[in-house]
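Coordinates in review
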Amino acid sequence: MALVLYSSKTNKNAFKTLIVAEYAGVKVELAANFEMGVTNKTPEFIKMNPIGKIPVLQTPDGPVFESNAIARYVARLTDNALYGSSLIDYAHIEQWIDFSTLEIDANLVSWYRPRTGRAPYLPPAEEAAISALKRGLAALDSHLASNTYLVGHSVTLADIILTSNLYLGFTILLTKSFTSEFPHVERYFWTLVNQPNFKKILGEVKQTESLPPVQSAKKPEPKKEAKSKKDEPKKEAKKEAPKPAKAEAEEEEEAPKPKPKNPLDLLPPSKMILDEWKRLYSNTKTNFREVAIKGFWDMYDPEGYSLWFCDYKYNDENTVSFVTLNKVGGFLQRMDLARKYAFGKMLVIGSGPPFKVKGLWLFRGQEIPQFVIDECYDMELYDWKKVDLSDEAQKERVNQMIEDAEPFEGEALLDAKCFK
Ligand SMILES: N[C@@H](CCC(=O)N[C@@H](CS)C(=O)NCC(=O)O)C(=O)O
């Protein structure tokens, strides 16, 4: 009896088993006509997994659920290197499987589900998930700085499970600007997904260019009936609609509606290329005034872009330096959704508490983009004032903020953070 995996083709938890099967030379078939939200609600499925979640593997000795357990089972069906070659390898493989499940996947999923409308969205909970994820990734990065694989010198089960988990991250949440903080994790991920046995299952992997905007939690849908003869023709018709590529990586039943175009993409083209400015800013190491600041004003297009000063409303609460820095760091992280349309500098000012937080932002268009106001709750914690370009003093303030001039307005800088 062949092994049958009940799952949609594109579920990252099913990838674990499908990749293991390639390495182990085991034949695993996906259940024919599996339909998420329908098949896994049937009494037959609930008998295999009482919680009704996928994946489930049907074996000659009965079903197995929980994707790590399934992957372990398939890995042990043949003699192969997926569990290393010693007891200590085995222990380390199990160690990294738990690490990847609890420190990486759990935090990715806590970030992903509320963002995509699968759970209520709470900004402090998102911040906590991101910070726990970064802690996990930093630990991983330091291990991978001197190790090509998690354990030993070839792919093990731990690599397959970790890479399948990171796949959800890289394709949906982790932009290049996020992952560049973890260069060894990046090298590891791209090396693994390009191994032939991975590629066969994952295809060409593309890193997401932006964080999905927050969607409000879905209202529960009227219950879908388990497949009955009566509604089969309707389902056939539905199957023809191709799903958006990103939805294919997602964990649950429904593909999100195609994103409407951002209104900022519909503005008349601007002569200012934001990325060129960001490159000039990043690459200028000396003569900042003469090169970067001059270059900025040469490029600046006052019709296509606007400049804004922001001033934190509650500076008297900024009594602890690292808490203030984290607050600003969190703000910049949440602005990720505006990376294509914005550049920003945030200054944390003062040599002692309470610290002042002031910033400068360049936005596409003449207003602060509505989607930023709607989706980044920090916006309302600041007073915003459009820069008046006819006022030389304001232009000079812009220059000073871009170049982190110190002293700034007579005070030392605790830090200057750039959003680019
Ligand atoms: N820990 C489980 C997670 C299973 C899981 O969350 N499955 C999701 C899809 S990735 C599911 O079936 N969701 C449907 C539901 O919650 O009813 C595993 O690794 O297999």
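Here's what I pulled together on the structure shown here. (Residues numbered from 1 in each chain as written. Predicted model: local features only at pLDDT ≥ 70, side-chain atom pairs only at ≥ 80, totals over all residues.)

1. A few points about the overall build of the protein
Spelled out, the test is: Segments assigned H or I by DSSP are reported as helices when at least four residues long, segments assigned E as strands when at least two residues long, and all are numbered from the N terminus. Counting other C-beta atoms within 10 Å of a residue's own tells you its class, since 20 or more makes it buried, 12 or fewer makes it exposed, and anything in between is partly exposed; those C-beta atoms are placed from the backbone. The contact criterion used is a C-beta to C-beta distance within 7 Å, with each C-beta placed from the backbone.
Secondary structure summary: the protein contains 15 helices and 9 strands in total. A burial count over the protein gives 32% of its 420 residues as buried. Across the protein, contacts joining residues at least 24 apart in sequence account for 74% of those joining residues at least 6 apart.

2. Thoughts on the packing of helix 3 (residues 67–75) against helix 6 (residues 157–173)
Basically, it comes down to this: Helix axes are fitted to C-alpha atoms over the stretch in contact, other axes to C-alpha atoms as well, and angles between N-to-C directions run from 0 to 180 degrees. When the near helix sits turned anticlockwise from the far one by under a right angle, the crossing is termed left-handed; a clockwise turn instead gives a right-handed crossing. Gly is put with the polar residues, along with every residue not named as nonpolar or charged; the nonpolar set is Ala, Val, Leu, Ile, Met, Phe, Trp, Tyr, Cys and Pro, and the charged set is Asp, Glu, Lys and Arg.
Where helix 3 contacts helix 6, the axes come no closer than 11 Å and their chain directions differ by 145°. The element helix 3 and its partner helix 6 pack so that their crossing is right-handed. Within the contact between the two elements, helix 3 uses Asn68, Ala71, Arg72 and Ala75 and helix 6 uses Leu157, Ile160 and Ile161. For the contact of helix 3 with helix 6, the residue count by class is 5 nonpolar, 1 polar and 1 charged.

3. Some remarks on the nonpolar core
The condition that has to hold: Think of a nonpolar core as buried Ala, Val, Leu, Ile, Met, Phe, Trp, Tyr and Cys residues chained together by C-beta atoms that fall within 7 Å. The domain boundaries here were taken from an automatic or database domain assignment.
Within the largest apolar cluster, 94 residues are counted, with the highest numbers of intra-cluster contacts made by Ile19, Val20, Ala71, Leu157, Ala158 and Ala342. If one sorts the elements of this core by residue count, helix 6 sits on top with 11 residues. If you count residues domain by domain, this core takes at least three from each of domain 1 (3–202) and domain 2 (267–419).

4. Observations concerning the sheet that holds strand 1 (residues 3–6)
Short version of the rule: Here, strands pair whenever DSSP counts at least two bridges between them.
With mixed pairing, the 4 strands of this open sheet are ordered in space as 2-1-3-4. Two strands close off the open sheet at either side, each with one partner strand: strand 2 (28–30) and strand 4 (62–65). Averaged over all pairs of adjacent strands, the angle between strand axes in this sheet comes to 25°, irrespective of strand direction. Here strand 1 pairs with strand 2 via 3 bridges, running parallel. When the bridges of strand 2 are listed, leucine 3 appears paired with valine 28. Contacting strand 2, strand 3 (56–59) and strand 4, helix 3 crosses the sheet at an angle of about 125° to strand 4.

5. A few points about the sheet that holds strand 5 (residues 305–312)
Read from one edge to the other, the open sheet built from 5 strands follows the order 8-5-7-6-9, with strand pairing classed as antiparallel. The open sheet has two edge strands with one neighbour each: strand 8 (382–386) and strand 9 (413–419). On average, adjacent strands in this sheet sit at an angle of 15° to one another, irrespective of strand direction. Of the pairings in the sheet, the one linking strand 5 to strand 8 comprises 5 bridges and is antiparallel in character. Within the sheet, the bridge partner assigned to phenylalanine 309 lies in strand 8 and is lysine 385. Helix 13 (residues 321–334) contacts strand 6 (342–349), strand 7 (356–364) and strand 9 of the sheet and is inclined by roughly 10° relative to strand 9.

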